[in-house]
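Chains, contacts and geometry: an overview
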Amino acid sequence: MKKMLFVTDLDGTLLTPNQMLSEYTLCTVNALVDSGMAFTYATARSAETAAQVTRGLKTSAPRVLYNGAFIMDSDDRVMLSRVFSQQDKHAIIDELVAAGLCPVVYAIIDGAEKFTFLPDAISTGCKRFLDTRKHCVRYNPTAQKGDLYVGETFYILCIDEHSKLAPFYEKYKDKFHCVFQTDIYSGDVWLEIMPKSATKANALVELKRMLDCRLVVFGDGKNDMDMFRVADESYAVENACEELKSLATAVIGKNSDDSVAKHLQKLFYK
């Protein structure tokens, strides 16, 4: 039987509702990795914010970041990058700004990750999000709309009212990889726009090919649906959205009950 690669989402899945790892989950997963389990995570987070909430957690396979835009090894070296064409990113940014929205544009600029935005245009929800990242080296406010076009853009985020974002989700969802959902922590509505090929599923298919393994995944949200479709086994936590549960091999306990760590133990030692 092929080796199994275990991959978990972070927020709402492996992490507690307080955006942290419990001591039980940390110790359990690390012991499993030490015993030979192939384990990693796939998240919408960046390398920086993922590292903050997983401090001390061992992984034994490359990590999937920004919903699949990057696969990164243990040294945080970009192994795979998917970016927008110049034409696509200009069109998206122009349309969002013209509609009174404030896109937060993630790009590689001079070899470094930055997220660029117009501070005078941000919504209340977007301000809440950006305020938590004010001291981040990627934080890049600008007064010039032209700065939003700079670099290799791989991810665009808007946080605003549902009614303002919904038309753009409908417009972009077939051409790009879009995630339109309510943030589980703040309750704010997010529209995430990525190149069509930048998905957790595509990143994990590549990892599966590289490692020649079976794929077992855990998740809770709509941005996990694509990886559930390509997995050999998939497990939704009890607090997951109903759409994800309908795709799952099985539903396990809540993220607040260390359910992923407990189920990893069962699967690894069965």
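Here we summarise the structure given alongside this text. (Residues numbered from 1 in each chain as written. Predicted model: local features only at pLDDT ≥ 70, side-chain atom pairs only at ≥ 80, totals over all residues. Heavy atoms only, no water.)

Remarks on the overall build of the chain
As a reminder, the rule being used: To qualify as a helix, a DSSP run of H or I must reach at least 4 residues; to qualify as a strand, a run of E must reach at least 2; elements of each kind are numbered from the N terminus. The rule is simple: take the accessible area with a 1.4 Å probe, protein chains only, and divide by the maximum for that residue type; under 20% is buried, over 50% is exposed, in between is partly exposed. Contacts between residues were defined by any pair of non-hydrogen atoms, one from each residue, lying within 4.5 Å. Note on areas: Shrake-Rupley, 1.4 Å probe, and residue coverage restricted to the protein chains presented here. Just so you know, the count uses Lys and Arg for positive and Asp and Glu for negative, and it drops His and the chain ends. Here the site of a charge means atom NZ of a Lys, CZ of an Arg, CG of an Asp or CD of a Glu.
Secondary structure summary: the chain contains ten helices and 14 strands in total. Referenced to the eigenvectors of the C-alpha coordinate spread, the extents of the chain come out at roughly 55 × 35 × 35 Å. Here the chain holds 270 residues, and the buried ones make up 55% of them. Taking all contacts inside the chain whose residues are at least 6 apart in sequence as the whole, residues at least 24 apart take part in 60%. With the model as given, the accessible surface of the chain reaches about 11,900 Å², and the carbon-plus-sulfur share is 50%. Separation of charge centres in the chain, based on 32 positive and 36 negative side chains, amounts to 2 Å.

A closer look at the environment of Asn67
Among the structural elements, Asn67 can be located in the loop between β3 (63–65) and β4 (70–72). For Asn67, a relative accessible area of 0% corresponds to the buried category. In sequence terms Asn67 and Arg45 are 22 residues apart; their C-alpha atoms lie 7.5 Å from each other. Residues in contact with Asn67, not counting those within four places in the same chain, are Thr43, Ala44, His177, Val179, Glu192, Met194, Ala198, Thr199, Lys200 and Asn223.

Here we look at the layout of surface pockets
Counted only if it meets this: Think of a 1 Å grid over the protein atoms and nothing else: a 1.4 Å probe that fits but is trapped marks a cavity, an open set flanked by protein within 12 Å on at least five of seven lines marks a pocket, and residues with an atom within 4 Å of a point count as lining. Grid points are joined across faces, edges and corners, and a volume is the space filled by probe spheres set on the points. When residue character is reported, Ala, Val, Leu, Ile, Met, Phe, Trp, Tyr, Cys and Pro are called nonpolar, Asp, Glu, Lys and Arg charged, and the others, Gly included, polar.
In this structure, the largest pocket occupies an estimated 820 Å³ of space. Contributing to the lining of the largest pocket are 35 residues, with Asp11, Arg133, Asp183, Tyr185 and Trp190 lying nearest its centre. The set of elements that each furnish at least two residues to the lining of the largest pocket consists of α3 (47–53), α5 (124–131), β9 (152–160), β10 (177–182) and β11 (189–194). Its residues assigned to classes, the lining of the largest pocket comprises eleven nonpolar, twelve polar and twelve charged. When its volume is computed, the second largest pocket comes out at roughly 350 Å³. Taken together, 14 residues form the lining of the second largest pocket, with Tyr169, His177, Cys178, Val179 and Lys222 sitting closest to its centre. Those elements that place two or more of their residues in the lining of the second largest pocket are β10 and α8 (225–230). A per-element tally of the lining of the second largest pocket places β10 first, with four residues. Across the lining of the second largest pocket, the residue classes tally to six nonpolar, three polar and five charged.

Describing the sheet that holds strand β12 (residues 214–219)
Selection criterion: Any two strands with at least two DSSP-identified bridges between them are counted as paired.
In space, the five strands of this open sheet follow the order β2-β1-β12-β13-β14, with parallel pairing throughout. This sheet does not close on itself; its edge strands, each paired only once, are β2 (38–41) and β14 (250–251). With four bridges connecting them, strand β1 (residues 4–8) and β2 associate as parallel partners. Its bridge partner lying in β2, Leu5 is registered against Ala38.

Focus: α5
Heads up, the condition is: Directions from the helix axis toward the C-beta atoms define the arc.
All of the buried residues in α5 are Gly125, Cys126, Phe129 and Leu130. One side of α5 carries all its buried residues, which in axial view fall inside an arc of 130°.

A word on the sheet that holds β10
Across a sheet, paired strands are connected by hydrogen bonds in the backbone, their directions being either parallel or antiparallel. Going by this rule: A fitted line through C-alpha atoms serves as each axis, taken over the contacting stretch for helices, and the angle formed by two N-to-C directions is quoted from 0 to 180°.
Strand order in the open sheet formed by six strands is β8-β7-β6-β9-β11-β10, with mixed pairing between adjacent strands. What marks the edges here is a single partner per strand, and that holds for β8 (139–141) and β10. Adjacent strand axes in the sheet meet at a mean angle of 20° when their direction is disregarded. Contacts from helix α4 (residues 86–98) reach β6 (104–109), β9 and β11 within the one sheet, and its direction differs from that of β9 by about 20°. Sheet strands touched by α5: β6, β7 (112–117), β8, β9 and β11. Its angle to β9, the strand with the most contacts, is close to 125°.

Considerations on unusual backbone geometry
Trans is the prevailing form of peptide bonds, just as negative phi is the prevailing case for residues other than glycine. At Asp110, a residue that is not glycine, the phi angle is positive and equals roughly 50°. Relative to the helices and strands, Asp110 is located in the loop between β6 and β7. Phi is positive for Asp212, close to 50°, though the residue is something other than glycine. Position of Asp212 among the secondary structure elements: in the loop between α7 (200–211) and β12.

Quick notes on the side chain of Asp226
The criterion, for reference: Criterion for a salt bridge: a side-chain nitrogen of Lys or Arg within 4 Å of a carboxyl oxygen of Asp or Glu. Contacts described as polar in this section are N or O atom pairs within 3.5 Å, which, within protein, must combine one atom able to donate a hydrogen with one able to accept it, while residues neighboring in sequence count only if both atoms come from side chains.
Residue position: Asp226 is located in helix α8. Although buried, Asp226 forms no salt bridge, and the nearest oppositely charged side chain, Arg229, lies 6.4 Å from it. Within the local environment of Asp226, its side chain forms a polar contact with the side chain of Thr199, the two groups lying 3.4 Å apart. The contact partners of Asp226, leaving out residues within four places of it in the chain, are Thr199, Lys200 and Ala201.

Shape descriptors only; they carry no functional weight alone.
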